[in-house]
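Each chain, written out:
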Amino acid sequence: MTSAEHGNGAYADAFAESVTDPEAFWLRAAEAVDWDTAPTRALDDSAAPMYRWYPDATLNTCHNALDRHVAAGRGDQAALIYDSAMLGTTCTYTYAELLTEVSRFAGVLTAQGISAGDRVVIYMPMIPEAAIAMLACARIGAVHSMVFGGFAAAELAARIDDAQPKALVTASGGLEPGRTIEYLPIVERALGLTDNAPGTIVVKNRERIPGSAADHDGWLDWDTAAADAEPAGCVAVAATDPLYILYTSGTTGKPKGVVRDNGGHAVALTWSMRNLYDIGAGQVMWTASDVGWVVGHSYIVYGPLLVGATTVLYEGKPVGTPDAGAFWRVVEQHGVRALFTAPTAIRAIRKEDPEAAELAKYDISTLTTLFAAGERLDPDTYEWATAKLGVPVVDHWWQTETGWAICANLRGLEPMPIKAGSPTVAVPGYRVQIVDAGGSEVGPGTEGNIVIRLPLPPGTLAGLWRDEDRYVKSYLSTFPGYYLTGDSGYIDADGYVFVLGRSDDVINVAGHRLSTGAMEAVVAQHAAVAECAVVGIKDDLKGQRPSGYVVLKAGATIDHEVLRTELVAMVRDQIGAVATFRDVTVVQALPKTRSGKILRKTMRQIADHEDYSVPSTIEDPAVLDALAKLLGPEVS
Ligand code: COA
Ligand code: AMP
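Residues numbered from 1 in each chain as written. Chains lettered and ligands numbered in written order. Predicted model: local features only at pLDDT ≥ 70, side-chain atom pairs only at ≥ 80, totals over all residues. Heavy atoms only, no water.

The name an unreviewed UniProt entry gives the protein is Propionyl-CoA synthetase, with Rhodococcus gannanensis as the organism.

Next up, the structure:
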């Protein structure tokens, strides 16, 4: 059974049509977008499994996010509210002002010879210029690739290497509680590590953070360049042309460059704003994430702006900036109707303020819904938030690859009863199924691989940047005809999907997607380490945290605490502080199958004190016993 069978109202009708007549469904959804050449067809399946949406249409995404709203008389309405809890300031850009800023910066890029199809890497903190740079690229048809500010130089370099950008846009730095992150030394290091250094580098100087373009030969200062720039207009691009590349963690150390098109993206996000989030023109949406993650791309920048809503760009944390009332202060101050954040942020607030005393200080009556994604919304956190906020708390499940929700409770289309622990049902366009290892569909309640029947709906990944082989191998070849999500879970008898976790080596730390493979690659570089495994274990606050297990080289005598400190520093230096790699356990051997595959899942189960069974293919059961003794749990 599929989730299409759930319900009998608007959701069931929409889902059924999206499956039986996707052409009609997605062509109608496309009417909400302003096209230069309107589509006459929705899906192009001529090169399946490489599907394309709106093959004969052209548009400009920035026009849809800005110009059309100004032309429609919304010029004076707030488009973007920058709220910096770090600086204690707020600043509002109307649609007309944002359009001016974006057109100017688009002019800066054009003057540097950047045009449609060229890549621009953006390495920026949560400041308006990050969104302005993204939209400026969209305006001229350049392909942006945003890199999260918490990533270290080597990660930035890996993305530059792959995207081969003509320009890099950055800022003097970001603000974290109690410290300043200077970006320019990181950028310098990254440029030293890549053979593909871009010709143009633009720096937005932030008052309190040292470092500016003036210290570097040939680098441009954002403010000076923008002041002199000739505003650039919108360039129509093919709906199938890439809008952005967003790198995400795969199972290996090499990040995957997820490619998003222009047309499908505009249609899907526009559709999702009313049907899922129940947000339209003039209403305020606040997505408390970061523009470096897909959630930020879709619902800090593009989604709200595509429908003429007001978006809040928040620089701060849920706690400590200055307290656990920060989120409620923002909701009250800006009249937020929909708040979207990661469960870890709610857990952080709950930890600091279990009785929600801070919440009582604010009037949050504008808030209609709290949306959560990025990791599973655990029932405990769900219950707490529901009780304290008094509004529906809605989990929804998606990935960088899909760009928008796969499963959700579609608040604008047809609100459904919420089941704690489930992101509700498949969103129209997504034919979600559970299959066993052999690819056969399993019945209700049975856990298996979550897959989606091809084609995926508009707005989902068009592929991986210049690597069709990896795209097919990673997602499409395990179960032909299906997209492999990498998550496991089950669908209950009502069609509700339950996502239980990744079935690969990707982990989720505080809603940040990270690769244990990448961390293993760093740990393995240490001179005393013979081999290692990093697994994601349960963490009360962050959902998961990485835990490293290392086998020392014969004769290595390093003190274990010294080793831990060195490994922690290496991961922080090469991947970034955001990896929160802190646990290191020295073991005699790693449990492996006879074919040499490390039993990471079993290790994780042991570390989490879960029941586990000893696989029949294990090379040496004594190794598992030793690990179990070291970490404490019982063998079942
Ligand atoms: N730039 C530089 N460093 C960053 C960073 C950024 N953009 N974001 C995080 N870091 C650093 C932090 O300063 C911290 O460094 P430290 O080890 O020196 O303290 C480290 O990375 C870990 O950060 P974080 O995961 O944010 O943990 P925390 O303990 O500081 O805060 C939470 C915990 C729960 C409050 C925080 O993780 C949070 O707000 N999470 C929400 C996550 C989210 O929105 N995810 C997006 C997906 S929807
Ligand atoms: P990212 O690509 O960073 O958005 O991470 C995607 C992964 O995060 C998914 O494959 C899931 O493992 C996990 N994830 C995101 N949202 C949810 C959710 N609502 N429930 C369970 N897991 C989630």
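What follows deals with the packing of aromatic side chains. Counted according to the given criterion, the structure contains 28 aromatic pairs. Taking 4.8 Å as the distance between ring centres and 85° as the angle between the ring planes, the aromatic pair formed by Phe 25 and Trp 26 counts as edge-to-face. By relative accessible area, Phe 25 is classed as buried at 5%. A connected cluster of aromatic rings, assembled from ring pairs, spans Phe 25, Trp 26, Trp 35, Trp 53, Tyr 54, Trp 271, Trp 404 and Tyr 430. Geometry around Tyr 496 places Lys 419 over its ring, the cationic atom sitting 4.5 Å from the centre. (Phe/Tyr/Trp six-rings, centres within 6.5 Å; stacked < 30°, edge-to-face > 60°. Buried < 20%, exposed > 50% of the residue type's maximum accessible area, 1.4 Å probe, protein only. Lys NZ or Arg CZ within 6 Å of the ring centre and 35° of its normal.)

Bringing the site of ligand 2 into the picture now. His 396, Thr 400, Asp 487, Arg 502 and Arg 513 are the nearest of the 15 residues found near ligand 2. One of the side-chain N or O atoms of Asp 395 is found 2.8 Å from a nitrogen atom in ligand 2. Bound to the protein, ligand 2 loses 94% of the 490 Å² it would expose on its own. A per-class count over the shell around ligand 2 returns four nonpolar, five polar and six charged. (Near = heavy atom within 4 Å. Polar contact = N/O pair within 3.5 Å; in protein donor to acceptor, adjacent residues only side chain to side chain. Areas by Shrake-Rupley, 256 points an atom, 1.4 Å probe, with all protein chains shown as cover. Nonpolar A, V, L, I, M, F, W, Y, C, P; charged D, E, K, R; others polar.)

Another aspect to go through is the pairing of strand S5 (residues 89-94). With six bridges joining them, strand S4 (residues 78-84) and S5 adopt antiparallel strand pairing. Each residue of the ladder has a partner; that of Asp 83, found in S5, is Thr 90. Taking the residues that link successive antiparallel strands as the turn, the S4-S5 hairpin has four residues, and the phi of Gly 88 there is positive, at about 75°. (Pairing = 2+ DSSP bridges. Helix = DSSP H or I, 4+ residues; strand = E, 2+ residues; numbered from the N terminus.)

Looking now at the site of ligand 1. If you check the shell around ligand 1, you find 21 residues, and the closest are Glu 176, Arg 179, Lys 542, Arg 572 and Arg 582. Here an oxygen atom of ligand 1 and a side-chain polar atom of Glu 176 are 2.6 Å apart. With respect to ligand 1, the side chain of Arg 179 contributes an N or O atom lying 2.8 Å from an oxygen atom. About the coverage of ligand 1: the protein hides 82% of its 940 Å² of free accessible area. For the shell around ligand 1, the class distribution of residues is nine nonpolar, six polar and six charged. Viewed by domain, the shell around ligand 1 spans two of them, domain 2 (40-247) and domain 3 (510-631), each represented by three or more residues. (Domains from an automatic or database assignment.)

The next subject is the pattern of salt bridges. One pass over the structure, following the stated rule, counts 30 salt bridges. For Arg 41, the salt bridge identified is with Asp 44, shortest N-O distance 3.8 Å. What makes Arg 41 partly exposed here is its relative accessible area of 36%. The class of Asp 44 is buried, set by a relative accessible area of 17%. (Salt bridge = Lys/Arg side-chain N within 4 Å of Asp/Glu carboxyl O.)

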